[in-house]
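So you can see what is in the structure, the chains are spelled out below.
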Amino acid sequence: MHPMLNVAVKAARRAGNIINRASLNSEKIQVSRKQHNDFVTEVDQAAEAAIIETLKEAYPDHGFLAEEMGEVPAQSTPDKPHYQWIIDPLDGTTNFIHGFPQYAVSIALAVDGVTQQAVVYDPTRDELFTASKGAGAYLNNRRIRVAGRIRMSEALIATGFPYREDQDVETYLKMFAQMTRQCAGLRSPGAASLDLAYIACGRVDGFFEQGLKPWDMAAGCVIVREAGGTISNFRGDAPSVYKKELVSSNGLIHSAMLSVIKESLPPN
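Residues numbered from 1 in each chain as written. Predicted model: local features only at pLDDT ≥ 70, side-chain atom pairs only at ≥ 80, totals over all residues. Heavy atoms only, no water.

As a further point, take the packing of aromatic side chains. Taken as a whole and judged by the stated rule, the model has seven aromatic pairs. Consider the rings of phenylalanine 161 and tyrosine 172, whose centres lie 6.2 Å apart with planes at 90°: the pair is edge-to-face. Highlighted residues: phenylalanine 161 in the loop between strand 11 (156–159) and helix 4 (169–182) and tyrosine 172 in helix 4, separated in sequence by eleven residues. Classification of phenylalanine 161 as partly exposed rests on a relative accessible area of 43%. By relative accessible area, tyrosine 172 is classed as buried at 2%. Between phenylalanine 161 and phenylalanine 176, the aromatic rings sit 5.9 Å apart at their centres with planes inclined by 50°, giving tilted as the arrangement. One end of the pair, phenylalanine 161, is in the loop between strand 11 and helix 4; the other, phenylalanine 176, is in helix 4, with 15 residues separating them in the sequence. (Phe/Tyr/Trp six-rings, centres within 6.5 Å; stacked < 30°, edge-to-face > 60°. Helix = DSSP H or I, 4+ residues; strand = E, 2+ residues; numbered from the N terminus. Buried < 20%, exposed > 50% of the residue type's maximum accessible area, 1.4 Å probe, protein only.)

Turning our attention to the packing of helix 1 (residues 3–23) against helix 2 (residues 42–58). Close contact between helix 1 and helix 2 brings their axes to 9 Å; oriented N to C, the two are set at 155°. With respect to helix 2, the element helix 1 is oriented roughly antiparallel. Seen along the crossing, helix 1 lies across helix 2 with a hand that is right-handed. Contact residues: helix 1 offers Val7, Ala8, Lys10, Ala11, Arg14, Ala15, Ile18, Ile19 and Ala22, while helix 2 offers Val43, Ala46, Ala47, Ala50, Ile51, Glu53, Thr54, Leu55, Glu57 and Ala58. By residue class, the composition of the contact of helix 1 with helix 2 is 14 nonpolar, one polar and four charged. (Axes fitted to C-alpha atoms, helices over the stretch in contact; angles between N-to-C directions. Parallel < 35°, antiparallel > 145°, perpendicular 65-115°, else oblique. Left-handed = near helix turned anticlockwise from the far one by under 90°. Contact = heavy atoms within 4.5 Å. Nonpolar A, V, L, I, M, F, W, Y, C, P; charged D, E, K, R; others polar.)

Turning our eyes to something else, we now look at the environment of alanine 155. Within the secondary structure, alanine 155 sits in the loop between strand 10 (142–143) and strand 11. Alanine 155 sits in the buried class, given a relative accessible area of 0%. The sequence separation of alanine 155 and tyrosine 242 amounts to 87 residues, and the corresponding C-alpha distance is 28 Å. Once residues lying within four places of it in the same chain are set aside, the contact partners of alanine 155 are Cys183, Ala184, Gly185, Asp205 and Ile253.

Attention now moves to the pairing of strand 13 (residues 206–209). The side-chain alternation of strand 13 yields two buried faces, one formed by Gly206 and Phe208 and the other by Phe207 and Glu209. By the bridge criterion, three bridges tie strand 11 to strand 13 in an arrangement that is parallel. From the neighbouring strand, threonine 159 faces strand 13, where its bridge partner is phenylalanine 208. Sheet topology note: the strand 13/strand 15 (residues 246–249) ladder contains four bridges and is antiparallel. Residue pairing in the sheet places glycine 206 in a bridge with serine 249 of strand 15. (Pairing = 2+ DSSP bridges.)

Another aspect to go through is the layout of surface pockets. As a volume, the second largest pocket reaches approximately 270 Å³. If you go around the second largest pocket, you meet 18 residues; those closest to its centre are Gly113, Val114, Thr115, Arg225 and Val241. For the lining of the second largest pocket, the secondary structure elements donating two or more residues are strand 5 (83–91), strand 7 (114–122) and helix 6 (214–226). At five residues, helix 6 tops the list of elements feeding residues into the lining of the second largest pocket. (1 Å grid on protein atoms, 1.4 Å probe; cavity = no way out; pocket = protein on both sides within 12 Å on 5 of 7 lines; lining within 4 Å. Points joined across faces, edges and corners; volume = space filled by probe spheres on them.)

Shown next, in the form of C-alpha cells:
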C-alpha cells in the first residue's frame, strides 16, 4: 500500500471509531442545520478533526478541503507538488442522525489537481474501500472489479435525491422517471461515496446525481476508475469534482445511462 494511502486509512479508521462510539448514543447527538435538509452534528466535526490531526501529523505542509472546515491552502513552493486532502468526515449525516446504517468516511488526496489516493470507509460494516491511481481498487485488501452487466434492463442503479432548495428538482424527476422505466431498480441509499464504492465492487451497476460537492465524490471516483468503471458528467464529458454532477457506471451501460439523462436535460 502507498505510504500516503496508509496514513489516510489510519485517519479513516480513527474517524470511524468516533462515529461508531457516537452511534451507540444517537439520541444524545447534537444536531444543527446548515441549510434546508443539510445537517451537521458534533460527530461530523469530531471525526473531521481526528482525520486532519492524523494527516497533519504525517504531512504538515499539505493542504485540505474538508466539508466542515473548508479549504486550508498547502504550504507549497513552486518546485514541489501541491498536495490537497479532500475530506468528508461523515458522508450520509442525515442517515446517521436517524440511525440508518448507510454512511461513510471519505478521504482523497489530489496531487497537482489529480486525485491519486482514495479511501472510503464504512464503519458500520467495517468495509474499507481503497485505491491508488494505476494500482487497482480493493475492499478489505481484496481486489475488486465492476460488474459485467451489459443491459439496462438488468442493471441496479443508485441515485441521490435533490435535497437543497437551489437544485433543479423538475429536471431530476424527469431523469428519475425515464431511468426507472429502463433499469431493473433504482436505489437512493443516501451516501454518494458508498454508491460509488458499490459500483466498484459490483453491488450496483450505475449511479447519477446532481448537486454533489468535491468531498462527496473525490475518493469514490478514483475507486470506480481503478475497478474498471467509467465516470462522466451528464453530457458525457470528463467530470470535475467542482462541477456538481456525476454519472458513473461499470462502463458497459454508460452510454445507455447517458441517453436517458440527456433526454431529460434542458436545452443548452
